[in-house]
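Reading the structure
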Amino acid sequence: MKYNYITSGTCSRSIDFELNADGTIGDVVFTGGCHGNLQGIAALVRGMKTEDAIMRLEGIDCRGKGTSCADQFAKALRAALAKR
């Protein structure tokens with residue numbers, strides 16, 4: 001299933017991602033932000049169990065903002081799980 005999450009407090013503006021029927025993460029595309037780093041995050045989480053990605057990414061802070069693109073992705077994953 002495909003999801004779109006509007007981020008808050010980060011350079012990226014939104015995250016488009018897919019969750020596969022088996023609970024793993026499919027394609028991930030960040031809009032805005034540090035392109036190379038976000039491509040890296042997307043590549044690393046592809047195929048990962050959703051809960052594992054949340055555990056690894058949640059709480060990561062960027063420059064004292066209280067959140068980061070990685071943390072926002074964890075929030076997006078939690079929101080998607082809540083909708084399932």
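A brief report on the enclosed structure follows. (Residues numbered from 1 in each chain as written. Predicted model: local features only at pLDDT ≥ 70, side-chain atom pairs only at ≥ 80, totals over all residues. Heavy atoms only, no water.)

Core analysis: the largest hydrophobic core is formed by 23 residues, its most contacted members being Phe17, Ile25, Val28, Phe30, Val45, Phe73 and Leu77. Those elements that provide at least two residues to this core are strand E1 (2-6), strand E2 (12-19), strand E3 (25-32), helix H1 (35-45), helix H2 (50-57) and helix H3 (69-83). When residues of this core are assigned to their parent elements, the largest contribution, 7 residues, is made by H3. The residues touching Phe17, leaving out its near neighbours within four places in the chain, are Met1, Lys2, Tyr3, Tyr5, Asp27, Val28, Phe73, Ala76, Leu77 and Ala80. (Core = buried A, V, L, I, M, F, W, Y, C linked by side-chain atoms within 4.5 Å. Buried < 20%, exposed > 50% of the residue type's maximum accessible area, 1.4 Å probe, protein only. Helix = DSSP H or I, 4+ residues; strand = E, 2+ residues; numbered from the N terminus. Contact = heavy atoms within 4.5 Å.)

Residue Arg63 is not a glycine yet carries a positive backbone phi of 55°. Its location among the elements puts Arg63 in the loop between H2 and H3.

By the secondary structure assignment, Ser14 is in strand E2. Judged by relative accessible area, Ser14 falls into the buried class, the value being 10%. Among all residues touching Ser14, those that are not within four sequence positions of it are Asn4, Tyr5, Ile6, Thr7, Val29, Phe30 and Thr31.

Our next topic: the environment of Gly32. Assignment of secondary structure puts Gly32 in strand E3. In the structure, Gly32 is positioned 31 residues away from Met1 in sequence and 22 Å away in space, judged by C-alpha atoms. Look past the residues within four positions of Gly32 in its chain and what remains in contact with it is Cys11, Ser12, Arg13 and Leu38.

Of all the residues in H1, the buried ones are Leu38, Ile41, Ala42 and Val45. Across the axial projection of H1, the buried residues extend over an arc of 95°, all falling on one side. Seen from the open side of H1, the exposed residues pointing more than 90 degrees away from its buried face are Gly36 and Leu44. Close packing links the buried residues of H1 with E2, E3, H2 and H3. (Arc of directions from axis to C-beta.)

This brings us to the pairing of E2. By the bridge criterion, 5 bridges tie E1 to E2 in an arrangement that is antiparallel. Paired with Tyr3 across the two strands is Phe17, which belongs to E2. Linking E1 back to E2 in an antiparallel pair, the connection comprises 5 residues, with Gly9 at a positive phi of about 80°. Relative to E3, E2 runs antiparallel, the two being bridged by 6 bridges. Bridge pairing in E3 places Ile15 opposite Phe30. Adjacent in sequence and paired antiparallel, E2 and E3 are bridged by 5 residues, among which Gly23 carries a positive phi angle near 85°. (Pairing = 2+ DSSP bridges.)

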